[in-house]
Every structure is written in structure tokens, then in C-alpha cells.
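These are the residues of each chain, in order.
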Amino acid sequence: MMSVIRLISRQAEKKSAWALLFISALALEVAALYFQYGLGLQPCIMCIYQRTAMYGIVLAGLLVMVVNNSFTRLLGFAGWAIAAGWGGLIAFEHVEILQASNPFFASCEIVPNFPSFMPLHEWLPAIFAAKGDCMEDGWRFMSMGMAQWMIVIFGAYFAVFLVVFISRLLDKKPF
């Protein structure tokens, strides 16, 4: 058991592991843009917030790929955990909106609520502008909608984070 923990812990020190995190999250961002521009599925505000969280995972992986040391790994772990956790919460909230018994009271904002110092929807409207409706849930795969799949995806990112982070702690390694 300890050898498995040590193996997982050691992987966190390798740029290739962080590259896998980066590439997987970036691939999901490319898929989101394909859904938007290729299939015409316009993102709602909740989708934009989830997209932003996924970019947090992209940046966490990129940071450690570029500079791999204990400090950047600690920042990478923090970014990964926060982005995966926040993205999962937003996806869960989106599912609640979609499944509300009274859709009249279940609504979401129209304009993203980004900080005033970083209005991503104004800087990069092609990526961060919300043009869709939160109640739109037409796309399905294996009987689950996009918001439900995002719960699964963010849950998987968070579960992998926990496994790797706990392995680091048990292996008594600095980050």
C-alpha cells in the first residue's frame, strides 16, 4: 500500500503529470468551444462560470509545467482544488435550477458577475459572454445533460486531487 502511495506522490513532482492535468482541462475547454461554435449551443451564465473554473484547472497545470518547484506545486494544488470544488458547486447549482419544481423562480443572471478588475466577458466575449438560457438542457449523452456531466467531470478532478494530495501528505513530501 505504501508503495502505491509513494508512486502517486512521486508523480506529482513530474511535469508530465501536471501536463496531463493541463491537457485534459484544455481539451474540455476546446470541446466547450466546439459545442458553442460548432453545434450552436450557447452557454448560459452558469456554463460560463463552469468554463472559468475549468480555466482555473488549466492554469494550475500550466503553472507547474512552466516552473516546477515546491512553491509552484503548492500553488498548483491550491488552484486545482479551488477550481474543481467551485466548478462542481456551480454545476450542482445549475442542475438544481434545471430540476426546479417551479422554473419561474429558478433563474440565473444574464451578465456574468466577474470582478470589476477582471471583466472577462468584456475582454474575451467569444469565450466568456453568456448568450444562452440556464433552463436550456437539450444536449444529452447517456441520458445526462451537460450540467450533470459537469458535476461528474469536476467531481473526478476533485477526487484525483484528493488522492494525489493525500498521497503527498502520507509520503511526507513537501509540495
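Description of the structure in this document. Computed from a predicted model, the values in this text were never measured in an experiment.

**Some words on the layout of surface pockets**
Right, on to step 1. By volume, the largest pocket amounts to about 630 Å³.
Right, on to step 2. What lines the largest pocket is a set of 28 residues, and nearest its centre among them are Ala32, Phe35, Cys47, Met146 and Met150.
Right, on to step 3. At the level of elements, helix 2 (15–38), helix 3 (45–66), helix 4 (70–98) and helix 7 (146–170) are the ones that each hand at least two residues to the lining of the largest pocket.
Right, on to step 4. The greatest single-element share of the lining of the largest pocket, amounting to 6 residues, is contributed by helix 2.
Right, on to step 5. Split by residue class, the lining of the largest pocket holds 17 nonpolar, 6 polar and 5 charged.
Right, on to step 6. Volume-wise, the second largest pocket comes out at about 280 Å³.
Right, on to step 7. Lining the second largest pocket are 14 residues, with Ala17, Leu20, Trp80, Val160 and Val164 positioned closest to its centre.

**What to know about the pattern of salt bridges**
Right, on to step 1. As enumerated under the stated definition, the model contains 3 salt bridges in all.
Right, on to step 2. Notably, a salt bridge pairs Arg6 with Asp171, separated by 3.4 Å at the nearest N-O pair. Taken together, the residues Arg6 in helix 1 (residues 2–11) and Asp171 in the segment after helix 7 connect sequence positions 165 residues apart.
Right, on to step 3. Salt bridges sharing partners connect three or more residues here, namely Arg6, Arg10 and Asp171.

**Regarding the packing of aromatic side chains**
Right, on to step 1. Overall, the coordinates contain 12 aromatic pairs when judged by the stated rule.
Right, on to step 2. With a centroid separation of 5.2 Å and 70° between ring planes, the pair formed by Trp18 and Phe77 is classed as edge-to-face. Here Phe77 lies in helix 4 and Trp18 lies in helix 2, a separation of 59 residues in the sequence.
Right, on to step 3. Using a relative accessible area of 1% as the deciding quantity, one classes Phe77 as buried.
Right, on to step 4. Judged by centre distance (5.7 Å) and plane angle (70°), the rings of Trp80 and Phe161 are edge-to-face. Of the two residues, Trp80 sits in helix 4 while Phe161 sits in helix 7, which places them 81 residues apart along the sequence.

Calculation criteria
Residues numbered from 1 in each chain as written. Predicted model: local features only at pLDDT ≥ 70, side-chain atom pairs only at ≥ 80, totals over all residues. Heavy atoms only, no water. 1 Å grid on protein atoms, 1.4 Å probe; cavity = no way out; pocket = protein on both sides within 12 Å on 5 of 7 lines; lining within 4 Å. Points joined across faces, edges and corners; volume = space filled by probe spheres on them. Helix = DSSP H or I, 4+ residues; strand = E, 2+ residues; numbered from the N terminus. Nonpolar A, V, L, I, M, F, W, Y, C, P; charged D, E, K, R; others polar. Salt bridge = Lys/Arg side-chain N within 4 Å of Asp/Glu carboxyl O. Phe/Tyr/Trp six-rings, centres within 6.5 Å; stacked < 30°, edge-to-face > 60°. Buried < 20%, exposed > 50% of the residue type's maximum accessible area, 1.4 Å probe, protein only.

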